[in-house]
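Coordinate inspection notes
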Amino acid sequence: MQPETPQYAIETRDLSIFYGAFEAVKGVNLNIEKGKITAIIGPSGCGKSTLLRAFNRMNDFVPTSRVKGEILLHGVNLYGKEIDPVEVRRRLGMVFQKPNPFPKSIYENIAWGARINGFRGNMDELVEESLRGAALWDEVKDKLKQSAYALSGGQQQRLCIARTIAIQPEIILMDEPASALDPISTLRIEELMQELKKNYTILIVTHNMQQAARVSDYTAMMMLYEDTRSGTVIEFDKTDVIFTRPTDKRTEDYVTGRFG
Amino acid sequence: MAKYTYPQSQDLQNFVNARYRTAWVWQLVFLSALLIAILSLSALLLNVADGAFGYVVYEFKKDPATVSETPLAELTQPQLLALLQENLSKGAYTKLDKESPMEKRSRDELYNLLIERVIQIKIEKTYNLFDSLLHADVIRAEVAEKYPDATLEFRSWLTPAFLTTPMSSKAEFAGVRTALLGSLWLVAIAVALALPVGVGAAIYLQEYARKSFINNIIQTNINNLAGVPSIVYGMLGLAIFVRAMEAFTSGAIFGVTDSNGRTVLSAGLTMGILVLPLVIINAQEAIKAVPDSIRQAAFGVGATRWQTVWHHVLPSAMPGILTGSILAMSRAVGETAPLIIVGASTFISIDPASPFSKFTALPIQVYQWTARAQAEFHNIAAAAILVLLALLLTLNATAIFLRNRLQKRF
Amino acid sequence: MQNTREQPLSPPSGFRPGDLRRKMRLSEDIIEATLFFVGFLTIFITISIVIVLGDQALLFFADPAVTVWEFISSTHWQPAIGEFGIWALVSSTLTTSAIAILVAVPLGLSAALYLSEYASPKARAILKPVLEVLAGIPTVVYGYFALLFVTPILQTIFGENIGVYNMLSAGLVMGIMILPLISSMSEDALSAVPRSLREAAYAMGATPFEASVQVVLPAALSGIGAAVIVGISRAVGETMIVAVASGATSKFTFNPLEAAETMTAHIARISGGDLSYNSVDYNSLFAIALMLFLVTLVLNLISQWVVSKFREQYE
Ligand SMILES: Nc1ncnc2c1ncn2[C@@H]1O[C@H](COP(=O)(O)OP(=O)(O)OP(=O)(O)O)[C@@H](O)[C@H]1O
Ligand SMILES: [Mg+2]
């Protein structure tokens, strides 16, 4: 049987990210497969968030930040001169470490993003569908007009996921989305990710090895260069390969907890 | 989920561009608010400059040539003295002599007296700066027609003499000497009261006070005092310093007899209370900014709380406290309403010599001259504003200088 | 080891068991007490204000020529014929303050939005000092500006309908005076909104403008409300601009083109003249001042409360 050529949702070419003169991330080449979950793991400070935020150009808001190399979406460089970061962010949704709902009602949290992006259609339906998609509908369907701040942390995080899927991105970026949550809420988010995989490509940063092993199809292992303190991807493969028979000794040490 | 409910490709691009355009329009709207602020500030400053310089049309009641053969400007002090004796009535001369001995007065003073009392200059009309610059011909023609005997002269109302001569009932001879000295007295007294009390209160609140009901009240109260209208402080000063404590503020208990409670001391104390909340809040900010590690280091080697505060916290906070105090001084220099209430004198030509003197102050002069109907008083009001603004500028420049200077040492 | 007997560590010579006990540090206690006293003094100021104003105001209301009802309901203020209706003064205070707020709030808020959302660091370094200078100009200078610059301009616009003294000019200039206050407080409120909210908006594909106006601005609304309240309190208490530019006749009117005396201007004018202590006129000033004090106190308290609630919301 001929192996299917994988479709890539997004690719990086010799990607380096700088903060001023400091090269935080260096020489990253990743091909993220479409419809899969890719986990990014690595010790603290190795540039996981930096890399993730480069994908949807959130680093544009750090005045000192600079990017070398390319990030390709359907072959188009997201850092090309004519590219509009607003459109980029509309196609690459992001869920943050700490739940950050808007100080508005649950309904408005979802409707707002849709509205500014020019949504044409039935808003009530979209809200319901998104909430269902984020496995939150049953819990909040009677209090859509209440403040999102009245929800629990886990619910708030699912609301943030719901508002992200409401704008129908192609890729969802998640930066430690469950690190501020209790084990039950974490489990629900993980189940949700498996659901979302059917429609979206997901990139997730996590510190939790079990989580990476449980939810992801691919894993990228990041590590710091000893001398320059720049982070880079040292190994990228199917998750079971990374966790059972990694080629790099450092990866093995890290995933088995013998690191440092 | 319906797939294509969002604008796609070309549609999307147009949509995003439209949103950017909206943002751009609003950016201009927001920017225009700042432009209005800049315009207002420029208009205000130009308006003041406009008033402080310009053409003056004046006439002499007495031809100078009939008073003295040599041009007045070349006369010496004794010659001027003789002329004054000759031309003034006896009563007027002795009265002037009583105010301050005529022989001891400077040449310039006597010269002004001669012009004011003997030659008797009369201002027919004044023109503002921009009129004077732009329509000089029109002005000349008008003057030649309406006031054929008058002299037309371009004049700066702000002159060195304006700073050194006392008040006068005639605009052309008036100066801000007494007002300037009054303002300095006021600020000195206000700072003497507000600085120690303010810094002490700030230290208490930042370094000693635990979270308690009473400390909470103190803090809230200070924030509120900062928002009390200045005129209310004036009423407080009137009732307490001017009236209730008259024996003290008039200097009666120190043997001063010719005074009531409306002294520079009363006004200074009122101003001190007015700026106290400002001093406290600024000092609190400065103390807050001192890193905790400094305190912990001091406690760690066995220092008491006061030793920690006195030797470590206060020196580090000093630049901030000083800057804040100078800002409070600027406030005291510019405040007018409380001085009116406490009773700044409307007319005073004697320098304030002690805390128990009657006084006037720069902003009071600005107010009174602005309120006059004659245009020449508006001109000297503008000149006084320039002096006031220069004083404020000096204070603020000092604050910035001190801050930069002291910060380097840490 | 030969000697296994437990031997306590011997203290250094000169150590007495009492040494570690808490000591009386008299000087420390005196210092703390002094500092507390100094801090407490500020409360004493407020108490004095209330007593002084209240006391004289009571004397005023005790006067047979005056009734409380007349004071709070009548629209005529003519002390010469014994008429003390505060509305004649309140109407102009309200009119000038309203004009000032209408000018200062939109301008101040726009300025704050521009500075916090658009301005480059360089532009900020130029624009911010302009506002600071505006804030530092003494109000009597604003009075001069109102009377001798703004009023003449208004006279060319409105012609005969507007006098040398009018509330419009005073109100407009007061608005410019309050603008920096509103703008700097609003800017503080905007920058207190956590970054994460802004990032959330960006991640949803919002433009910077949409993020700031539709997410950050609403989130900062209570802080901005507090700024508006402080602005109102400042306008109500402002004296010199109105004293110079809005006229010296007490008149019940809300027409900004007319001249009318505000509460503050009235106090300034009457007390500036030679007034005998303890006359009804004199005492009436304290009644007005008491009202001013209470109104601004309430406004300031509300604003402080709003700000603290706002801070709590975002820690
Ligand atoms: N805004 C910034 N400005 C300057 N340097 C930054 C900035 N953000 C991150 N860095 C630096 O970039 C490097 C990578 O940071 P990053 O936050 O990407 O690490 P991380 O792998 O996400 O760590 P963690 O697991 O702790 O979240 C660090 O050395 C950090 O100090
Ligand atoms: Mg991170």
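The present account deals with the structure reproduced in this document. What you see is a predicted model; the values in this text were computed from it and never measured. (Residues numbered from 1 in each chain as written. Chains lettered and ligands numbered in written order. Predicted model: local features only at pLDDT ≥ 70, side-chain atom pairs only at ≥ 80, totals over all residues. Heavy atoms only, no water.)

**As for the overall build of chain A**
The line we're drawing: Only DSSP runs of H or I with at least four residues qualify as helices, and only runs of E with at least two residues qualify as strands; both kinds are numbered from the N terminus onward. Note on method: radius of gyration uses C-alpha positions; expected globular size equals 2.2 Å times residues raised to 0.38. Relative accessibility under 20% of the residue-type maximum defines a buried residue, over 50% an exposed one, and the middle range a partly exposed one, all with a 1.4 Å probe and only protein chains included. Whether two residues are in contact is decided by their heavy atoms: any pair within 4.5 Å suffices. Residue exposure ignores everything except the shown protein chains as possible cover, and the areas themselves are Shrake-Rupley values with a 1.4 Å probe. Positive charge is attributed to Lys and Arg, negative charge to Asp and Glu, and no charge count is given to His or to the chain ends. Positions of charges follow a simple convention, taking NZ of Lys, CZ of Arg, CG of Asp or CD of Glu.
The secondary structure content of chain A amounts to ten helices and eleven strands. Its C-alpha radius of gyration of 18 Å places chain A within 12% of the 18 Å reference for a compact globule of 260 residues. Along the first, second and third principal axes, the C-alpha atoms of chain A reach 55 × 45 × 40 Å. Looking at the 260 residues of chain A, the share that counts as buried comes to 58%. Put simply, of all contacts in chain A between residues at least 6 apart along the chain, 68% involve residues at least 24 apart. Counting only carbon and sulfur atoms, one obtains 49% of the accessible surface of chain A, whose full area is about 11,400 Å². Separation of charge centres in chain A, based on 33 positive and 34 negative side chains, amounts to 3 Å.

**Examining the site of ligand 1**
Residues and elements named next belong to chain A. Test applied: Any residue with a heavy atom positioned within 4 Å of a molecule or strand is treated as near that molecule or strand. The term polar contact refers here to a pair of N or O atoms within 3.5 Å; inside protein, the definition further demands a hydrogen-donor-capable atom paired with an acceptor-capable atom, and it admits residues adjacent in sequence only when both atoms are side-chain atoms. Residue classes follow a fixed rule: Ala, Val, Leu, Ile, Met, Phe, Trp, Tyr, Cys and Pro count as nonpolar, while Asp, Glu, Lys and Arg count as charged, and any other residue, Gly among them, counts as polar.
Surrounding ligand 1, one finds 13 residues, the nearest of these being Ser44, Lys48, Ser49, Thr50 and His207. In the environment of ligand 1, an oxygen atom lies 2.7 Å from a nitrogen or oxygen atom belonging to the side chain of His207. Its free accessible area being 630 Å², ligand 1 has 62% of it covered by the protein chains. Listed by contribution, the elements that provide at least two residues to the shell around ligand 1 are strand E2 (22-28) and helix H1 (48-55). Partitioned by chemical class, the residues of the shell around ligand 1 number five nonpolar, six polar and two charged.

**Quick word on helix H6 (residues 167-192) of chain C**
Residues and elements named next belong to chain C. Basically, it comes down to this: For a helix, the expected span equals 1.5 Å multiplied by the number of residues minus one. The reported bend at a residue is simply the angle between two axes, fitted to the 7 residues ending at it and to the 7 residues beginning with it.
Given a rise of 1.5 Å per residue, 26 residues ought to cover 38 Å, and the 36 Å separating the end C-alpha atoms of H6 matches this to within 8%. Where H6 bends most, at Ile178, the angle is about 35 degrees, and the proline Pro180 comes one to four residues later. Counting buried positions along H6 gives 20 out of 26 residues, so the element sits mostly inside the fold.

**As for the pairing of strand E9 (residues 201-205) of chain A**
All names here are of chain A. For the record, the criterion: At least two bridges found by DSSP between two strands is the condition for calling them paired. Classification remark: right-handed applies to a crossover when, strands pointing away from the viewer, the course from the first strand over the helix to the second runs clockwise.
With respect to burial, E9 is a largely interior element, five of its five residues being buried. Because side chains alternate across E9, one face comprises the buried residues Thr201, Leu203 and Val205, and the other comprises Ile202 and Ile204, equally buried. The pairing of strand E4 (residues 37-41) with E9 spans four bridges and is classified as parallel. Looking across to E9, one finds that Thr38 is bridged to Leu203. Sheet topology places strand E8 (residues 171-175) next to E9; five bridges connect them, and they run parallel. When the bridges of E9 are listed, Ile171 appears paired with Thr201. Note on the crossover from E8 through helix H7 (residues 183-196) to E9: the handedness is right-handed.

**Overview of the interface of chain A and chain C**
Many analyses report the size of an interface as the accessible area lost when the parts associate. Put simply, the test is: Throughout, buried area stands for the accessible area (probe radius 1.4 Å) lost by two parts on being put together, summed over both. What makes a salt bridge here is a side-chain nitrogen of Lys or Arg within 4 Å of a carboxyl oxygen of Asp or Glu, nothing more.
In this assembly, 23 residues from chain A lie in contact with 19 residues from chain C. For the chain A and chain C pair, buried surface summed over both sides reaches about 1,700 Å², with 67% attributable to carbon and sulfur atoms. The largest per-residue losses of area from chain A upon contact with chain C belong to Phe61, Trp112 and Ile116 of chain A, which jointly make up 28% of the total buried on that side. Run the count over chain A and chain C and you get one salt bridge. As a salt-bridge pair, Arg53 of chain A and Glu199 of chain C come within 2.9 Å of each other at their nearest N and O atoms. Where chain A packs against chain C, one counts five residue pairs in polar contact (both at pLDDT 80 or more).

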